[in-house]
Amino acid sequence: MKLPEQTEYNPYFQHYIDLVGEGDFETLFHQNTLLTAQYFKEVPSEKHNYRYAPNKWSVKEVLMHIIDTERVFAYRALVCARGDNSTPLHSMDEDLYAANVDVTHRTMESLIDEFLTVRKNSEFLFKNISDEQSKFLGNGVTHNISARALGFIMIGHIHHHVNVLNERYL
């Protein structure tokens, strides 16, 4: 898949797309998967439940957010790739999702395993979307969005959160 045109997504997502490097999408996506798993494996155990300020997510909560968002983005990409422009793809209330999951008693290993499982699903989805399907625009309510835009956003979204973790947590 090629980089999406700016008309294929909400300008809000430009920051995420800008964080994705040059190269073949499938390779970039797979490398992002491996690097993300390795990154979280290397987080010291004393930092797993660390919050840099009150009411901020812990490191494990950030990973859970990445997993939840991956699921939402993959669903949206499926809707778009199948040519469905009538199903509205509403925004996700990330704070609501985070408030309704408790990862304090989960191990980092179990969260990484879940991430890898969910990401493998996304890899299969994108591997089997044709170039034409990747450009179909879904109903993003305020802005239409394509499957290929969502694929690049998924990579950039993780880069964004890893950058935040490096700056504020580790």
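Just above sits the structure.
Keep in mind that what you see is a predicted model, and the values were worked out from it rather than measured. (Residues numbered from 1 in each chain as written. Predicted model: local features only at pLDDT ≥ 70, side-chain atom pairs only at ≥ 80, totals over all residues. Heavy atoms only, no water.)

Draft legend 1. Spatial organisation of the nonpolar core. If you look at the biggest cluster of nonpolar residues, it comprises 26 residues, and the most contacted ones within it are Tyr9, Phe13, Phe126, Ile145 and Ile153. Contributions of two or more residues to this core are made by helix H1 (14–18), helix H2 (25–41), helix H3 (59–81), helix H5 (108–127) and helix H7 (147–168). Those residues within four positions of Ile153 in sequence are excluded, and the remaining contacts are Tyr9, Phe13, Tyr16, Ile17, Phe73 and Ile145. Counting 23 residues, the second largest nonpolar core, distinct from the first, contains Ala98, Val103, Phe115 and Val164. (Core = buried A, V, L, I, M, F, W, Y, C linked by side-chain atoms within 4.5 Å. Buried < 20%, exposed > 50% of the residue type's maximum accessible area, 1.4 Å probe, protein only. Helix = DSSP H or I, 4+ residues; strand = E, 2+ residues; numbered from the N terminus. Contact = heavy atoms within 4.5 Å.)

Draft legend 2. View of the environment of Thr36. Relative to the helices and strands, Thr36 is located in helix H2. On the accessibility criterion, Thr36 (2% relative accessible area) is buried. Here the alpha-carbon distance between Thr36 and Ser91, two residues 55 residues apart in the chain, equals 24 Å. Once you skip the residues sitting within four places of it in the chain, Thr36 turns out to touch Phe115 and Ile158.

Draft legend 3. The packing of H2 against H7, seen in detail. With their axes 10 Å apart at the nearest point, H2 and H7 run at an angle of 30° to one another. Between H2 and H7, the crossing angle belongs to the class labelled roughly parallel. By crossing handedness, the relation of H2 to H7 is classed as left-handed. For the pair H2 and H7, contact is made by Phe25, Leu28, Phe29, Asn32, Thr36, Tyr39 and Phe40 and by Gly151, Phe152, Met154, Ile155, Ile158, His159, Val162, Leu165 and Asn166, respectively. Across the contact of H2 with H7, the residue classes break down as 11 nonpolar, five polar and no charged. (Axes fitted to C-alpha atoms, helices over the stretch in contact; angles between N-to-C directions. Parallel < 35°, antiparallel > 145°, perpendicular 65-115°, else oblique. Left-handed = near helix turned anticlockwise from the far one by under 90°. Nonpolar A, V, L, I, M, F, W, Y, C, P; charged D, E, K, R; others polar.)

Draft legend 4. Molecular detail of the environment of Gly140. Within the secondary structure, Gly140 sits in the loop between strand E1 (137–138) and strand E2 (145–146). On the basis of relative accessibility, which here comes to 16%, the residue Gly140 falls in the buried class. Residues Gly140 and His90, spaced 50 residues apart in sequence, show a C-alpha to C-alpha distance of 6.4 Å. Those residues in contact with Gly140 that sit more than four places away from it in its chain are Leu89 and Ile145.

Draft legend 5. Spotlight on unusual backbone geometry. If you check the backbone angles, Asn55 has positive phi at about 65° while not being a glycine. Tracing the backbone shows Asn55 in the loop between H2 and H3. You can call Asn55 exposed: its relative accessible area is 78%. The residue Val141 is not glycine, and still its phi comes out positive at about 65°. When you line up the elements, Val141 lands in the loop between E1 and E2. Classification of Val141 by relative accessible area gives partly exposed; the value is 45%.

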